[in-house]
Amino acid sequence: GQNIDQPTEMTATEGAIVQINCTYQTSGFNGLFWYQQHAGEAPTFLSYNVLDGLEEKGRFSSFLSRSKGYSYLLLKELQMKDSASYLCAHQDRGYQKVTFGTGTKLQVIP
Amino acid sequence: GAGVSQSPSNKVTEKGKDVELRCDPISGHTALYWYRQSLGQGLEFLIYFQGNSAPDKSGLPSDRFSAERTGGSVSTLTIQRTQQEDSAVYLCASRGTGGDSYEQYFGPGTRLTVT
């Protein structure tokens with residue numbers, strides 16, 4: 001996505017915590033998504049933030065700050081199976097187009 | 001009750017040929033999206049259908065690309081006179097309606113290779 005920025009790659013250790021950041025530039029949107037995509041597979045939904053703040057869901061949490069144009073995905077107690085790409089996306093107002101970032105490839109190492 | 005399905009799963013075609021990719025969304029889902037994903041890249045929006053409204057075609061890369069959605073269900077993405085740069089995985093996703101229906105459900109994709 002032209003107006004969504006994420007780090008290209010990250011490496012973290014099994015059992016640790018990792019934060020994947022996403023910054024965006026848009027005049028307005030309904031909400032911000034995070035999707036997980038394992039190599040060779042389709043993306044699967046992780047979270048959707050509409051309001052500012054932190055949303056926690058098990059080992060995964062997602063944060064949004066509209067005023068700062070910033071979001072992050074926090075993964076706790078990393079497992080090897082968490083090695084995947086993590087895609088940030090925003091949904092335009094009126095539930096129209098969803099624009100994805102290029103994704104962050106996370107490698108979890110022992 | 002199955003998820004989004006796409007066919008074919010793989011398609012190899014010669015440069016200059018036309019191809020049709022099919023997407024069967026989840027029953028009852030009114031919103032349908034097509035994306036393209038090149039190797040190691042993010043998802044590139046192509047087109048969006050919502051019910052009987054005119055589709056949002058703003059992501060189609062050229063006039064060789066077109067899509068239809070018949071009867072508000074099955075969708076076909078057609079690429080005419082394919083080029084090697086069209087090689088990618090084409091993903092379809094559907095979404096329900098209602099205030100809390102924001103999640104897109106993706107199909108397995110069609111891997112298109114243009115030789």
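See above for the structure.
Note that the structure is a prediction, hence the values are computed from the model and not measured.

## A closer look at the overall build of chain B
- The secondary structure content of chain B amounts to zero helices and ten strands.
- Listing each helix as α and each strand as β along chain B from the N terminus yields β-β-β-β-β-β-β-β-β-β.
- For 115 residues, the compact-globule estimate of 2.2 N^0.38 gives 13 Å, and chain B sits close to it at 14 Å.
- Dimensions of chain B, computed from C-alpha atoms along their principal axes, come out at roughly 45 × 25 × 25 Å.

## As for the environment of Ile79(B)
Residues and elements named next belong to chain B.
- Assignment of secondary structure puts Ile 79 in strand S7 (residues 75-79).
- Placed 62 residues apart in sequence, Ile 79 and Lys 17 show a C-alpha to C-alpha distance of 8.5 Å.
- Discounting residues that sit within four places of it in the chain, Ile 79 has contacts with Lys 17, Asp 18, Val 19, Arg 64, Phe 65, Asp 86, Tyr 90 and Leu 112.

## Quick look at the side chain of Asp82(A)
Residue and element names in this part refer to chain A.
- Of note, Asp 82 is situated in the loop between strand S8 (70-75) and strand S9 (84-92).
- Engagement of the side chain of Asp 82 in a polar contact is seen with the backbone nitrogen of Gln 79, the distance being 2.8 Å.
- What Asp 82 contacts, discounting residues up to four positions off in sequence, is Gln 36, Arg 59, Phe 60, Leu 75, Glu 77, Leu 106 and Val 108.

## Side note on the state of the cysteines
Residue and element names in this part refer to chain A.
- For the coordinates displayed, the defined rule picks out two disulfides over all chains.
- A sulfur-sulfur distance of 2.0 Å marks the disulfide that ties Cys 22 to Cys 88. In this structure, the disulfide formed by Cys 22 and Cys 88 twists by about -70° around the S-S bond and is classed as left-handed. In this pair, Cys 22 sits in strand S3 (residues 18-24) while Cys 88 sits in strand S9, placing the two residues 66 residues apart along the sequence. The same class applies to Cys 22 and to Cys 88, which are both buried.

## A look at the sheet that holds S7(B)
Residue and element names in this part refer to chain B.
- Taken in spatial order, the four strands of this open sheet run S1-S3-S7-S6, and their pairing is antiparallel. At either margin of the open sheet sits one strand with a lone partner, and together these are strand S1 (5-7) and strand S6 (65-69). Each strand of the sheet is rotated relative to its neighbour by a mean of 15°, with strand direction disregarded.
- Where strand S3 (residues 19-24) lies against S7, five bridges are found, and the strand directions are antiparallel. Bridge pairing in S7 links Leu 21 to Leu 77.

## Examining the sheet that holds strand S1 (residues 4-5) of chain A
- One open sheet accounts for five strands, arranged S1-S3-S8-S7-S6 (chain A); its pairing is antiparallel. What marks the edges here is a single partner per strand, and that holds for S1 and strand S6 (53-57) of chain A.

## Quick word on the layout of surface pockets
- As a volume, the largest pocket reaches approximately 720 Å³.
- As for the largest pocket, its lining consists of 34 residues, and the residues nearest its centre are Gln37(A), Ala39(A), Gly40(A), Gln37(B) and Gly40(B).
- Residue assignment for the lining of the largest pocket shows that the elements contributing at least two residues are S9 and strand S11 (104-109) of chain A together with strand S8 (88-95) and strand S10 (110-114) of chain B.
- Of the residues that constitute the lining of the largest pocket, the class distribution is eleven nonpolar, 19 polar and four charged.

Quick notes on the rules
- Residues numbered from 1 in each chain as written.
- Chains lettered and ligands numbered in written order.
- Predicted model: local features only at pLDDT ≥ 70, side-chain atom pairs only at ≥ 80, totals over all residues.
- Heavy atoms only, no water.
- Helix = DSSP H or I, 4+ residues; strand = E, 2+ residues; numbered from the N terminus.
- Rg over C-alpha atoms; globule rule 2.2 N^0.38 Å.
- Contact = heavy atoms within 4.5 Å.
- Polar contact = N/O pair within 3.5 Å; in protein donor to acceptor, adjacent residues only side chain to side chain.
- Disulfide = S-S within 2.5 Å.
- Buried < 20%, exposed > 50% of the residue type's maximum accessible area, 1.4 Å probe, protein only.
- Pairing = 2+ DSSP bridges.
- Axes fitted to C-alpha atoms, helices over the stretch in contact; angles between N-to-C directions.
- 1 Å grid on protein atoms, 1.4 Å probe; cavity = no way out; pocket = protein on both sides within 12 Å on 5 of 7 lines; lining within 4 Å.
- Points joined across faces, edges and corners; volume = space filled by probe spheres on them.
- Nonpolar A, V, L, I, M, F, W, Y, C, P; charged D, E, K, R; others polar.

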